[in-house]
Amino acid sequence: MHKTDPMRIVHTLCRIGLGAAGPAFRFQVERLVESLRDSGSPKEAANLEELLRSKNDEQSLKPSRLVASGTAKALPGETLTSSVTVPVDKETGAPLAEIHFAQDVEAPVLPEYLSSAVGRLIEEWSHLDQLNAVNAAPPLTCMLFGKPGTGKTRLAYFIGDQLQIPIVLARLDGLISSFLGTTARNIGSLFNFANRYRCLLLLDEFDALAKLRDDPQEVGEIKRVVNTLLQNIDKRSKTGFTLAITNHETLLDSAVWRRFEIRVEVPVPPSAERKRILERYLRPLPVDRAELEFLSWATESLTGSDLETMAKSLKRYTTIHGRGDAAFLDAVRAYAVINASSQQSGRIGVLLRSPQQFAKEILSSPDVTLTQQDVGKLLGKDQATISRWLKSELGDTERELVNAE
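Note that the structure is predicted; figures quoted are calculated from it, not measured.

**Q** What should I look at first to understand the pairing of strand β2 (residues 141-145) in this one?
**A** Remark: a regular strand shows side chains that alternate across the two faces of the sheet. Most of β2 sits out of view: 5 of its 5 residues are buried. The two faces of β2 match: T141, M143 and F145 on one face and C142 and L144 on the other face are all buried. Note: β2 against strand β5 (residues 241-246), 5 bridges, orientation parallel. Bridge pairing links C142 to L243 in β5. In the sheet, β2 pairs with strand β6 (residues 262-265) via 4 bridges, with the strands oriented parallel. Each residue of the ladder has a partner; that of C142, found in β6, is I262.

**Q** Can you help me understand the packing of aromatic side chains in this one?
**A** A ring pair, where both rings are aromatic, is described by two values, the distance of the centres and the angle of the planes. The tally for this structure, following the rule as stated, stands at 6 aromatic pairs. Aromatic pair F294 and W297: ring centres 6.3 Å apart, planes at 35 degrees, arrangement tilted. Of the two residues, F294 and W297 are both situated in helix α13 (residues 289-298); the distance of 3 residues between them amounts to about one turn of the helix. Residue class for W297 comes out buried when judged on its relative accessible area of 4%.

**Q** I tried to follow the side chain of E293 on my own but got confused; where do I start?
**A** Along the chain, E293 turns up in helix α13. The residues touching E293, leaving out its near neighbours within four places in the chain, are K275, D367, V368, T369 and L370.

**Q** Hey, could you run me through the nonpolar core in this one?
**A** Within soluble globular proteins, side chains that are nonpolar tend to cluster in buried spots. The biggest cluster of nonpolar side chains holds 38 residues, and the ones touching the most others in it are F294, L295 and F358. Looking at this core, the elements that each hand over two or more residues are α12 (271-282), α13, α14 (304-321), α15 (325-338), α17 (355-364), α18 (372-379) and α19 (383-393). Here F358 is in contact with F294, L329, V350, L351, V375 and L379, once residues within four sequence places are set aside. Grouped together as the second largest cluster of nonpolar side chains are 34 residues, L172, I187, L190 and L201 included.

**Q** Any chance you could explain empty space enclosed by the protein here in plain terms?
**A** It is the rolling of a water-molecule-sized probe over the atoms that shows where space remains empty. Per the counting criterion, the structure on display carries 3 cavities of 30 Å³ or more. Its boundaries defined by the atoms lining it, the largest cavity holds a volume of some 60 Å³. Every residue lining the largest cavity is listed: H100, F101, A102, Q103, V105, Y157, G160, D161, I165 and I167. The biggest single contributor to the lining of the largest cavity is helix α7 (residues 152-163), with 3 residues. For the lining of the largest cavity, the residue count by class is 6 nonpolar, 3 polar and 1 charged.

**Q** For this particular structure, what's the right way to read the sheet that holds strand β3 (residues 167-170)?
**A** Note on sheets: strands pair through backbone hydrogen bonds, and any given pair is parallel or antiparallel. The strand order across the open sheet built from 6 strands is β1-β3-β4-β5-β2-β6, with neighbouring strands paired in mixed fashion. The sheet is open, and its two borders are formed by β1 (97-100) and β6, each paired with just one other strand. The average undirected angle you get between the axes of adjacent strands in this sheet is 20 degrees. The sheet contacts of α7 involve β1, β2, β3, β4 (200-203) and β5, and relative to β5 the element is tilted by about 165 degrees. Contacts from helix α9 (residues 182-196) reach β1, β3 and β4, with the element oriented near 155 degrees to β4.

What counts and what doesn't
Residues numbered from 1 in each chain as written. Predicted model: local features only at pLDDT ≥ 70, side-chain atom pairs only at ≥ 80, totals over all residues. Heavy atoms only, no water. Buried < 20%, exposed > 50% of the residue type's maximum accessible area, 1.4 Å probe, protein only. Helix = DSSP H or I, 4+ residues; strand = E, 2+ residues; numbered from the N terminus. Pairing = 2+ DSSP bridges. Phe/Tyr/Trp six-rings, centres within 6.5 Å; stacked < 30°, edge-to-face > 60°. Contact = heavy atoms within 4.5 Å. Core = buried A, V, L, I, M, F, W, Y, C linked by side-chain atoms within 4.5 Å. 1 Å grid on protein atoms, 1.4 Å probe; cavity = no way out; pocket = protein on both sides within 12 Å on 5 of 7 lines; lining within 4 Å. Points joined across faces, edges and corners; volume = space filled by probe spheres on them. Nonpolar A, V, L, I, M, F, W, Y, C, P; charged D, E, K, R; others polar. Axes fitted to C-alpha atoms, helices over the stretch in contact; angles between N-to-C directions.

If you want it as structure tokens, here you go:
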């Protein structure tokens, strides 16, 4: 039976406690770090210190819930309740929107600069009454754009949740019609409905509505649709929140693009954010520093959605097959085999090579901090074996560097 490292259990308990307990628990973890350092266990102390730092960053980047009474007072219109009926397409009866009421939406993991910018936007939108009083009202139109899977829709729901107002989500399958003139009429009905109530109008997959008017593949109907869209965005821009989402910003008509005074690119998560996303979705699976560092390195081009899918796969594999040092890589390898796209968009394909090639590639990468001992632990080998593999494949100069490590 595989013996579990006691410090791994301690690390897991500390991670769970820091996420749920208060300052007193954090103080005890800090005392444990000092004790480990004093007792000659610098690596274990460093692992816990990094955990403390990541939890501190997570709390600092998570906007606190804002009191949005200023939002409700400043927005015109009626209160939107669950009993309100949404408008429908007159030809097909399909609903033009869905209503989503505020709930406890978890803060998305964003780079620090973006989290700070979103926090300022939410703060401004939450104090409309004060800002209106001094003639300094913020722009009420915002465009979120970026690659699919980067968390734009999740961010939009988080903004609505923080403002404590309902979200009116446009349903494209109801808006877009094959009947001449019907799409433009549906857009008008949707905006009239949103303007009647205090809400955030969310236009997802926005490029499907706001395509280039000079696209030679389109007929005159698309021009009418975009013109109607422009008129309605202009009308709403001074009275209510409008948030649009697109994966294909280059397809948008330039006049539509200019209507959104706030334009925010939601990027593929950088390394630090990938670690935080993976930690979030891997819970309660225990993952140590080396494993998290490897996952962050291997998934450099993956989106937040990709990382969530990977985390679920790892948890399923580990639940069925058990947890061991080398077993962790087996779980990641199993995910890579059945997800060809991840092999193409990240470095995860290195797992499909020999252990010797794996060790050489990861240890020669300039943006990874793993040591020979870390890689040996991942592979279930000792450091001497890893060192021997490297020496057998490297030239004289590289071999000297390995010997000096």
